[in-house]
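Architecture at a glance
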Number of protein chains: 2
Amino acid sequence: MTQKKPRSARGVASAVLDAHSSEQLAGLFRALADPTRLRIVSAVFDDEQCVHDLASVLELEQSAVSHQLRMLRDLRIVRRRKEGRHVYYSLDDSHVRDLFAFALEHIRHQEGSR
Amino acid sequence: MTQKKPRSARGVASAVLDAHSSEQLAGLFRALADPTRLRIVSAVFDDEQCVHDLASVLELEQSAVSHQLRMLRDLRIVRRRKEGRHVYYSLDDSHVRDLFAFALEHIRHQEGSR
DNA sequence: TGAACATATGATCAATTATTCATATGTCAA
DNA sequence: TTGACATATGAATAATTGATCATATGTTCA
């Protein structure tokens, strides 16, 4: 493991985050702060999936998946595409894809260094 | 066997996240899913700060700050340095610094595109 | 030693939230 | 149309959580 200093991120938050920004940012993190939603995100990471298949793969009730998808949709993290009676969900935001990937790498490295 | 990844973050989660990984990852995001903790992180982003100054700057009770700092410390997001009767907190993990900076950039861009 | 200061922490309470159940809406095929 | 399938959603419930209060621990200095 390297221990180099990332000069890139320094200075980004020179002042303490104001109330509005911190609420907004917390909202983004909160969307990813649940195992079920993370598994949904990982399931649609590469390809779109319909609700039924998501429920099946994740072994969750269809209702639970729908509720979480709605939240992710409200936060513009996933988007819907209707096709007949199926609704396909996919990642709406590549930033979130990167955020997810970055954080996943982080915990995997942490895991190894304990 | 191995397929070529068309984009940087693609392929990171080729399979659906397992229960353990999703719990761990959710834990990391949950740590940042609260405005108060985010403001604490932003306050120690560049320099260490003692508890009292954090409480003063963030306009929070000392107790509330201490509780949140403990959580951040348990998650190895901040670290303590004792000096006399003061305890100075700083970011313990540069990955978190990058994660924070990345996410902040994200919402700032989103903000502009609405 | 005692008083003031700095930090930590257990208990409590209010607010939030993830899931389940029941049900509604919408689509397709026979 | 009817019945089966796919998805969405409101209500209820249990679990989690952030802040506060009261108090404990630890440090410095007169």
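This report concerns the structure included in the present document. (Residues numbered from 1 in each chain as written. Chains lettered and ligands numbered in written order. Predicted model: local features only at pLDDT ≥ 70, side-chain atom pairs only at ≥ 80, totals over all residues. Heavy atoms only, no water.)

Strand pairing in a sheet is mediated by backbone hydrogen bonds. Such pairs are either parallel or antiparallel. Ordered in space as S1-S3-S2 (chain A), the three strands form an open sheet in which the pairing is antiparallel. Each of the sheet's edge strands pairs with one partner strand only, and the pair in question is strand S1 (49-50) and strand S2 (78-83) of chain A. (Pairing = 2+ DSSP bridges. Helix = DSSP H or I, 4+ residues; strand = E, 2+ residues; numbered from the N terminus.)

The next point concerns unusual backbone geometry. The residue A:Glu59 is not glycine, and still its phi comes out positive at about 55°. Here A:Glu59 lies in the loop between helix H3 (51-58) and helix H4 (62-74).

Bringing the relation of the copies chain A and chain B into the picture now. Overlaying chain A on chain B yields an RMSD of 0.0 Å, the required transformation being a rotation through 180° with an accompanying axial translation of 0.0 Å. Considering both components of the superposition, the chain copies are consistent with a two-fold axis. Across chain A, the rotation axis passes nearest the C-alpha of A:Phe29, at a separation of 2.7 Å. An overlap of 96% is found between the interface residues of chain A and their copies at the interface of chain B, pointing to a shared contact surface. (Least-squares fit on C-alpha atoms with pLDDT ≥ 70 in both. Contact = heavy atoms within 4.5 Å.)

If you check the shell around DNA strand C, you find 24 residues, and the closest are A:Thr36, A:Ser63, B:His52, B:Ser63 and B:Arg80. Protein-adjacent atoms of DNA strand C, using a 4 Å cutoff, are sugar or phosphate at a proportion of 64%. At 2.6 Å from a phosphate oxygen of DNA strand C is found a side-chain nitrogen or oxygen belonging to A:Thr36. B:His67 has a polar side-chain atom sitting 2.8 Å from a base oxygen of DNA strand C. For the surface near DNA strand C, the elements supplying multiple residues, two or more each, are helix H2 (35-43) and H4 of chain A together with helix H3 (51-58), helix H4 (62-74) and strand S3 (86-91) of chain B. In the surface near DNA strand C, the residues fall into five nonpolar, eleven polar and eight charged. (Near = heavy atom within 4 Å. Polar contact = N/O pair within 3.5 Å; in protein donor to acceptor, adjacent residues only side chain to side chain. Nonpolar A, V, L, I, M, F, W, Y, C, P; charged D, E, K, R; others polar.)

In short, geometric facts, not functional conclusions.
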